[in-house]
Every structure is written in C-alpha cells, then in structure tokens.
Amino acid sequence: MAEAHSAVAFSFSITHEGWDVNFDREVLHLVWSSGIRSWKKRLWRFQNSVKNGVYPAPLQSLWATVGILVALHFAGVRLPIGLVGMLLPHLPSTAFHWQVVACFTVALSVWFAIIQIIRYTLRLLLIYKGWMYEERGRGRSVSNMTKLWLVLIKILSGVSRPMLYSYQGSLPKLPVPALDDTVKRYLRSVRPLLNDDQYSRMENLAGEFKTGIGMKLQRYLKLKSWWASNYVSDWWEEYVYLRGRSPLMVNSNFYGIDAILMHPTKVQAARAATVIYTCLQYRRLIERQELEPILIQGLVPLCSWQYERLFNTTRVPGVETDRIVHYSDSYHIVVYHRGRYFKVIIYHKNRLLLPCELEVQIQAILDNNSEPVQGEEKIAALTAGERTHWAHSRQEFFFKGTNRQSLDAIEKAAFIVTLDDQPYEFDQSQPELLDKFGRTLLHGKGYDRWFDKSFTLCIGSNGRIGFNSEHSWADAAVMSHLWEYVLTEDVILNGADAPVMGHMWEHVIAGDNELGYGADGHTTGEPEFQPPAPIRLQWDLNDKAIAAIETSYKVALSLLNDVDLRIYVHDAYGKGFMKESRLSPDAYIQMAMQLAYYRDAGKFSLTYEASMTRLYLEGRTETVRPCTIESAAWVKAMENKNSSTEERVALLQKACKIHHLGIQDAMCGKGIDRHLFCLYVVSKYLEVDSPFLKEVLSEPWRLSTSQTPHGQTNKMDLKKFPQCISAGGGFGPVADDGYGVSYIIAGEDLIFFHISCKRSCENTNSSRFAKNIEKALADMRTLFQDYKKLKQQDVKAKKTE
C-alpha cells in the first residue's frame with residue numbers, strides 16, 4: 001500500500017508536545033502544477049470562446065473600428081445617426097477621456113452588431129443545399145445560383161483561420177422533413193421487400209397514420225426543433241445508446257486497425273509511447289481548438305461538437321439508463337497489462353512527457369512481474385456484460401474505499417491503454433491472421449478492454465496497434481479522424497519512405513524531434529529526468545464481487561464466442577475502375593453488396609447505410625436505404641441469363657443514381673429513419689399507439705453497412721505514401737440473423753471489408769458472404785468490360801458504314 005500512503009499530501013495531529021504537521025512536497029507540487037495547468041486551460045477556453053463568438057471577424061478588427069471612429073469623431077465628422085452625441089449626455093462629462101469612452105462603446109456596439117449580421121447571414125446561406133444535388137465533371141458546370149452562393153460564402157467566411165468550433169454559431173438547425181414526404185419515401189423504400197398484399201397493408205397503415213395521429217406528432221416535433229439545437233441527437237443518444245441494457249461489447253463498440261502494410265517498430269513499449277504521445281498532442285489541439293474544422297470543398301463546414309468528448313470521457317452504467325461523464329482535464333492515463341492496472345502520469349512541470357520518457361514508464365510496466373490480486377484480472381468484464389448488472393455491482397462493490405479510488409482513476413483517465421501479450425499479425429497469404437487481428441480488437445478476451453471508456457488503445461506485443469471505441473459519445477467518423485492523425489504522425493513522419501515492411505529506421509523530424517524511432521526500434525531522444533513511476537491500482541474484491549465479475553465474464557464469453565468475423569481484402573481493383581465506369585464508388589460497392597446478399601440469402605432485406613448530418617448543428621447520423629426498387633431490378637437482371645449487357649448496365653447506372661440521391665437527401669436533412677424515430681418517441685411521451693410507427697421501428701436491419709471515412713487530415717497523401725493505408729475497422733452484427741459490414745476504400749486499388757455475423761445463426765456465414773462480395777465485384781467488372789467492348793464494336797461498325 002505504499003502508493004496509497006504517497007497519495008497523502010498533508011496531515012496533522014495534536015500531541016502532548018503541540019501540533020505535528022507533515023506534508024509531502026512532491027505531491028503538493030503536483031497539486032500546484034495541476035492547478036496552474038487548470039487555470040491556463042480556463043484562459044485558453046475563455047480566449048477561444050471570445051474568438052469563436054466573433055468569428056469570422058478577427059479580434060484585431062475591433063481595435064481598427066475603434067481607431068477609425070475615434071479619428072472621425074475628433075476630426076469633426078458626424079458619425080452615422082450621431083450615436084456618440086446621443087451617448088455623451090449620459091456620461092459624467094464631455095472631457096476628452098469620456099469622449100474616448102463614448103467612441104469605444106459605440107465602436108464596440110457597431111462592431112458586434114455587424115458581426116452578428118454576418119454570422120446570421122452566413123447561417124442563412126448555409127441552409128442552401130442546392131450545391132449538393134448538382135452534378136460536376138463530364139463537361140457540366142455548377143449553376144449561377146451556386147456560383148453566387150460560393151462567392152458569398154467565401155466572402156463571409158473571412159480571412160482569419162477558423163478554429164475547431166468557429167462555425168458552431170453559424171450552422172443551421174436540422175430541419176424537420178414534411179410528414180407526407182417522409183411517408184412517401186418510406187413506402188418506396190420497402191416496396192422491393194414486400195409482396196403486393198403486404199405492401200397494400202402497409203400503404204393503408206401509412207395513410208391512417210398520415211391523416212391521423214401523425215399530424216399531431218409532427219406539430220410537437222416541429223415545436224421541439226424550434227426550441228432544441230437539434231431535434232434528433234439528444235433522443236438518439238438517450239434511447240438508442242444510453243438506455244440499451246445489452247452488452248456494449250460486440251453489440252455497440254467498434255474497432256479500428258493499424259496501417260497494416262507498414263510496421264515502423266516491433267518494440268511494444270516504443271510504439272505504445274509514440275502513439276500515446278500523438279494522442280495527447282491531438283487532445284491538446286482539441287483543447288486549444290487548433291484542430292481545423294472539416295470543410296467540404298474547403299468552404300462548407302461540418303459540425304465539430306462531437307470532438308469535445310473524445311478524451312477524458314466515460315460511460316457510467318445505470319439501472320435503467322447510462323450517462324456520459326466528461327471531465328474537463330486529466331493528467332494521467334491507465335494502462336492494463338497481464339491482469340493489472342497502472343496509473344501513468346503524463347505531465348511533468350506542466351509539459352507532456354516525451355515519447356522517450358513515456359517508453360520508460362511503459363517498459364517498467366512490461367517488466368513488472370507482480371501478479372494480479374484475486375478477481376482483478378477480469379474486472380473489465382463488468383463493462384462487457386449486461387448494463388443493469390454492472391450498475392448494481394458498481395453501486396455495491398465500487399462505491400467507496402479502495403475500489404472507488406481505483407475506479408475513479410480509470411474513469412477519469414484521458415484514455416485506456418492495453419498492452420496485449422500476443423502479437424497482431426498480418427500476412428496476405430494467411431487471411432485468418434487479419435481476422436484474428438480484428439477479433440482481438442473487437443472484443444479481446446472479454447475482460448482486457450475497458451468498454452465504457454471513450455476508447456481503449458490496444459498495443460500488440462509486436463508493436464502493431466488498434467483501438468476499441470465506445471459509440472454513444474460520438475460517431476465513428478470522429479474516432480477515425482483521430483486514428484488517421486495517429487497513423488499519419490506515427491508512420492509517415494517516422495520514415496514511411498522505407499519500402500520494406502518491418503524495416504527499422506532512424507528518422508528525426510525537423511522541428512519536432514520528439515517523434516521517431518532509432519535503428520534499434522526504440523524511441524529517439526533521451527529522458528530529461530526520471531519519469532514518475534507507474535502507480536499500481538489497488539483492489540479489494542470479496543467473494544460476492546468476484547462472483548459478479550464472473551457473471552459478466554460468462555455473458556461476455558458467450559457473446560465473443562458467437563462472433564464470426566472475416567476481413568476480406570479486395571485488391572483486384574478499387575475506386576479507380578469505378579470512377580472510370582462513371583459511378584460513385586460508394587454506390588458501386590453498395591450495389592455489389594445488394595447482389596452478394598441476394599445470392600447469399602435468396603431474397604432482399606432491409607439495408608442500413610450510415611450517413612452523416614453534420615452539415616447541421618449537433619448533427620450525428622442518418623440512415624440511407626440502399627435496397628431500392630432500382631437496385632432490386634438490377635440484381636434480378638444480373639441473375640437473369642436472358643438480360644442483355646446494355647440492360648444490366650442501364651439498370652445499374654439508374655440504381656447508383658438513386659442511391660446517390662438517397663445519400664444527398666440524408667445529408668440534407670431529408671432522411672426517413674431519424675424523422676420516424678423521433679415521431680415514435682413523441683408518441684411514447686404522449687402515450688398513444690401508432691401501428692404504423694410500431695411496425696416501422698420493429699423492422700430488423702439484416703444488412704447493416706458503413707463506410708469508414710478517410711482523408712480527413714490534410715497530411716494523408718496516399719500517392720506519396722502508398723503504404724500508409726489503414727485497414728479501417730468494423731463492428732458486430734446488428735441483427736441476430738444478419739450481417740454487419742464495414743468497408744474502407746483505401747487508395748485506388750484496394751478495399752477492405754469487415755464482415756461480421758453470429759455463428760449461432762445457421763443462415764449466415766461471414767466467409768461465404770465475403771466470397772459473394774468478391775464474386776459480385778468480379779461480375780460487375782466483367783459487365784463493364786463487356787459493355788466497353790460493345791461500345792467499341794458499335795463505333796467500329798459506324799465507321800465502317
């Protein structure tokens with residue numbers, strides 16, 4: 001218990017001889033440093049809030065406005081509507097300094113009013129979404145309306161560099177779609193899934209809803225949209241994520257994989273230290289708002305509010321609903337290794353520890369031969385099991401004493417790091433190794449990831465990395481942005497020019513010599529001092545607590561053993577060929593999966609594709625439904641031997657066009673599912689039943705898909721560094737009898753598919769589905785090759801004539 005004693009900074013006692021005061025200078029210094037850092041962060045936040053509040057105007061413009069007004073006033077020029085003259089009678093005198101005060105007050109008021117007009121005008125301009133629907137390329141140009149809009153956006157965005165939250169006050173609110181439009185889109189989306197009788201019944205239910213209770217629910221929803229910053233996001237977070245009582249592991253959490261074609265170092269401690277340092281640098285960019293907001297086409301901003309909870313965040317279990325707790329600051333991380341937890345201090349004298357100093361700490365943990373106390377090894381299984389059970393266990397066994405202190409250290413950490421005792425391997429000739437890599441990150445052993453934390457950084461024994469992320473605090477795009485930054489900094493800046501996998505290089509970056517690996521694989525540089533020793537967290541677990549842990553572990557074990565995960569690497573062709581075929585790569589892949597699923601299941605199914613609504617304030621996701629009337633017609637044509645190549649190509653082009661329109665509608669607030677979901681929530685609040693909404697919300701998503709975004713950082717250049725390709729990430733199946741498919745279009749000629757399902761379902765098999773995707777993509781390439789030959793033959797025939 002030496003660590004516990006060292007935590008006491010100050011104590012006193014009364015004796016016969018007087019007062020006996022004891023204090024620990026080192027701990028008091030840590031407290032003092034923490035306070036200084038906290039106040040500095042408050043000043044940064046205040047300064048940044050002011051800058052964001054007046055964006056796009058720079059603060060310097062205020063002093064320019066004041067100077068101009070003062071000069072004009074004393075030059076005898078009457079200012080507009082005589083504001084200074086109107087204000088002077090209300091001041092103590094007309095002396096020189098009071099005239100300056102009056103000028104300053106008027107200048108400030110005018111300056112602030114102009115800024116608000118600019119911000120409001122910018123918000124009105126950002127409501128326009130016509131640019132989303134205009135086709136570009138192939139000799140087409142944007143409309144004059146859009147050209148004028150682009151010019152105005154450029155002018156009003158100002159010349160100052162935007163900060164992370166600069167556009168938050170200018171983003172429009174997510175609009176509520178018209179009820180009639182949503183119902184029409186819904187009926188069209190389910191047409192290929194229903195026979196005539198089923199569709200007629202659904203039409204009747206929809207009609208009754210639209211002319212009945214739906215109108216009342218719509219009015220309440222519009223009222224909420226006027227009042228709330230986003231009419232969807234809070235209910236989506238609460239009812240879809242936080243109120244779910246099933247385990248987070250596999251069912252909700254997702255994972256991300258390393259840049260598998262690179263291997264900068266095989267030294268586990270060195271890779272861990274560098275990646276930890278890079279993550280903390282990214283946290284500093286968020287705290288100081290130096291991370292630039294993502295701008296579509298360099299002009300249209302995406303909402304950045306989800307970044308706030310990336311670090312220092314945990315999900316706390318509740319009996320009926322969980323809650324997300326975010327801490328304003330954290331000066332430590334927690335590392336898990338061989339069943340033990342260590343608190344690692346990451347600051348020294350108000351600066352981040354360097355990678356070489358962090359490596360010393362990580363290596364000390366790896367060299368620590370102590371054994372976990374009884375029950376300690378599997379404590380994290382509580383976060384992998386049923387939420388209600390975890391809530392009761394937390395209240396009973398972790399509410400006070402040593403366990404509470406250790407739990408606080410974990411929950412208040414910036415993030416969690418797991419040092420695994422097994423390698424993460426990849427070999428193109430052994431695909432099962434990549435499958436194992438993905439499974440290790442998705443669920444591990446069921447107790448070696450703290451599934452409640454915003455993310456757990458996982459380090460393999462051979463230096464490869466990955467992460468497991470909780471989903472309720474933000475969507476995958478935010479976590480993938482961090483991951484892309486980590487891989488870019490850790491791989492490119494550490495010698496991505498090395499062509500051989502596993503090659504060890506020495507590379508010191510100009511201006512940032514903290515990063516880099518030496519020829520021996522260790523971090524470059526020398527520690528400037530002896531870093532603080534990792535503090536082993538203590539636990540006091542009785543038999544009942546251990547039994548509770550085992551109960552959760554059994555649930556987790558059953559769940560992870562039921563996961564069938566296959567990571568398929570498609571390298572025959574990629575988005576280059578798809579663009580040559582003049583089709584959207586995303587639509588192309590979605591159509592391939594429709595064909596693959598039809599061949600796999602012998603029928604069509606409700607398909608989910610995640611899209612984003614971050615063009616609006618506090619936007620999260622919306623559903624795109626890739627299974628459409630047009631996609632079903634194309635799939636049937638592909639399976640019909642009598643259909644011609646021209647017919648198949650025409651149907652595919654039409655299906656891709658409709659799918660692309662669905663994505664545009666989802667991004668522009670015209671989606672189906674979030675609107676119907678919110679109407680359902682309103683109906684529950686009003687305690688009214690809607691057979692239509694009940695049936696809509698009960699439909700299973702047997703094919704749930706998502707594209708992993710990339711290219712969110714301006715440093716990622718795959719042409720210059722073709723080996724710096726992440727394999728993306730994945731998630732578990734949404735339905736017990738369905739598939740979960742995540743894919744990433746990595747470069748011009750490579751696509752990764754992460755396919756999951758449940759072994760207990762006789763009708764699904766991830767390897768079989770991967771082969772169906774492979775065959776579908778091959779058939780589509782053959783289709784376009786045949787089509788190209790036919791076109792060439794037609795041209796030759798015309799020339800001959």
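Everything numeric in this text was worked out from a predicted model, so none of it was measured.

Chemist: I'd like a rundown of the overall build of the protein chain, residues and numbers included.
Modeler: What the protein chain contains, in helices and strands, is 25 helices and 22 strands. For the protein chain, buried positions account for 55% of its 801 residues. Partitioning the intrachain contacts of the protein chain with sequence separation of at least 6 by distance along the chain shows that 77% fall at a separation of at least 24. Of the roughly 36,000 Å² that the protein chain leaves accessible, carbon and sulfur atoms contribute 55%.

Chemist: Lay out the pattern of salt bridges with the relevant residues and their values.
Modeler: Within the structure shown, the criterion is met by 39 salt bridges. Of the charged contacts, one joins Glu695 and Arg201 as a salt bridge, the two residues approaching to 2.7 Å between their closest N and O atoms. Separated by 494 residues along the polypeptide, Glu695 in helix α24 (residues 691-698) and Arg201 in helix α8 (residues 196-211) bring together distant segments of the chain. Among the residues examined, Glu695 registers a relative accessible area of 24% and is labelled partly exposed. Here Lys575 and Glu748 are joined by a salt bridge, their closest N and O atoms 4.0 Å apart. Here Lys575, found in helix α19 (residues 575-580), pairs with Glu748, found in the loop between β21 (739-745) and β22 (751-758); they are 173 residues apart in sequence, far enough to count as distant. Note on Glu748: relative accessible area 39%, which makes it partly exposed.

Chemist: Lay out the UniProt feature "active site" (unreviewed entry) in the protein chain in plain terms, naming residues and giving numbers.
Modeler: Residues given the UniProt feature "active site" (unreviewed entry) here are His471. Non-local contacts of His471, meaning those with residues more than four positions away in its chain, are made with Tyr241, Ser252, Asn253, Phe254, Ala476 and Arg620.

Chemist: Describe a nonpolar patch on the surface, naming the residues involved and giving the relevant values.
Modeler: Together, Leu148, Val151, Leu152 and Ile155 line one region of the surface with nonpolar side chains, adding up to about 360 Å² of accessible area. With respect to the element layout, Leu148 can be found in helix α6 (residues 144-156).

Chemist: Quick rundown of the sheet that holds strand β9 (residues 340-345)? Include the residues and the values.
Modeler: As a general point, the strands of a sheet are linked pairwise by backbone hydrogen bonds and lie either parallel or antiparallel. Reading across the sheet, the eight strands line up as β15-β9-β8-β12-β13-β14-β3-β20 and stay open at both edges, with mixed pairing between neighbours. Single-partner strands in this sheet number two, and they are β15 (535-536) and β20 (729-731). With five bridges connecting them, strand β13 (residues 455-459) and strand β14 (residues 465-469) associate as antiparallel partners. Note on β14: the bridge partner recorded for Phe455 is Ser469. Each of β8 (332-337), β9 and β12 (416-419) touches helix α12 (residues 355-367); the most contacted strand, β9, lies at about 160° to it. Of the strands in this sheet, β8, β9 and β12 are in contact with helix α15 (residues 401-411), which crosses β8 at around 105°.

Chemist: Run through the sheet that holds β21, naming residues and quoting values.
Modeler: Taken in spatial order, the six strands of this open sheet run β16-β22-β21-β19-β17-β18, and their pairing is mixed. Of all strands in the sheet, those with a lone pairing partner are β16 (563-570) and β18 (621-624), marking the two edges. With strand direction ignored, the average angle separating the axes of adjacent strands in the sheet is 20°. Where strand β17 (residues 607-612) meets β18, four bridges bridge the pair, whose relative direction is antiparallel. The partner of Ala610 across the bridge, within β18, is Thr623. Helix α16 (residues 431-442) rests against β16 and β22 of the sheet, and its axis sits at about 130° to β16.

Chemist: Describe the packing of aromatic side chains, with residues and values.
Modeler: Tallied over the full model, the rule gives 34 aromatic pairs. Taking 5.6 Å as the distance between ring centres and 80° as the angle between the ring planes, the aromatic pair formed by Phe311 and Phe455 counts as edge-to-face. With a gap of 144 residues between them, Phe311 in the loop between β5 (300-301) and β6 (313-316) and Phe455 in strand β13 connect regions that are remote in the sequence. Comparing Phe311 with Phe455, the two get one shared label, buried.

Chemist: Describe helix α21 (residues 629-639), with residues and values.
Modeler: For α21, the full list of buried residues reads Glu630, Ser631, Ala632, Trp634, Val635, Ala637 and Met638. Taken together, the buried residues of α21 touch α7 (179-190), α20 (585-601), α22 (645-667) and α25 (766-800).

Chemist: Can you tell me about the side chain of Asp435, naming the residues and giving the values?
Modeler: For Asp435, the location among the structural elements is in helix α16. Given a relative accessible area of 12%, Asp435 falls into the buried group.

Chemist: Describe the confidence of the model for the protein chain, with residues and values.
Modeler: Across the protein chain, the average pLDDT comes to 89, with 90% of residues at 70 or higher. Low pLDDT (under 50) marks residues 1-9, which in the prediction has 13 contacts with non-local residues, meaning those over four places away or in another chain. Note on residues 496-512: pLDDT is under 50 here. Beyond four places in sequence and across chains, it has 38 contacts.

Definitions and cut-offs
- Residues numbered from 1 in each chain as written.
- Predicted model: local features only at pLDDT ≥ 70, side-chain atom pairs only at ≥ 80, totals over all residues.
- Heavy atoms only, no water.
- Helix = DSSP H or I, 4+ residues; strand = E, 2+ residues; numbered from the N terminus.
- Buried < 20%, exposed > 50% of the residue type's maximum accessible area, 1.4 Å probe, protein only.
- Contact = heavy atoms within 4.5 Å.
- Areas by Shrake-Rupley, 256 points an atom, 1.4 Å probe, with all protein chains shown as cover.
- Salt bridge = Lys/Arg side-chain N within 4 Å of Asp/Glu carboxyl O.
- UniProt positions renumbered as here; feature names shortened; annotations may be inferred.
- Patch = residues over 30% accessible without salt bridge, like charges linked within 9 Å, V, L, I, M, F, W, Y side chains within 5 Å.
- Pairing = 2+ DSSP bridges.
- Axes fitted to C-alpha atoms, helices over the stretch in contact; angles between N-to-C directions.
- Phe/Tyr/Trp six-rings, centres within 6.5 Å; stacked < 30°, edge-to-face > 60°.
- pLDDT = per-residue confidence, 0-100.

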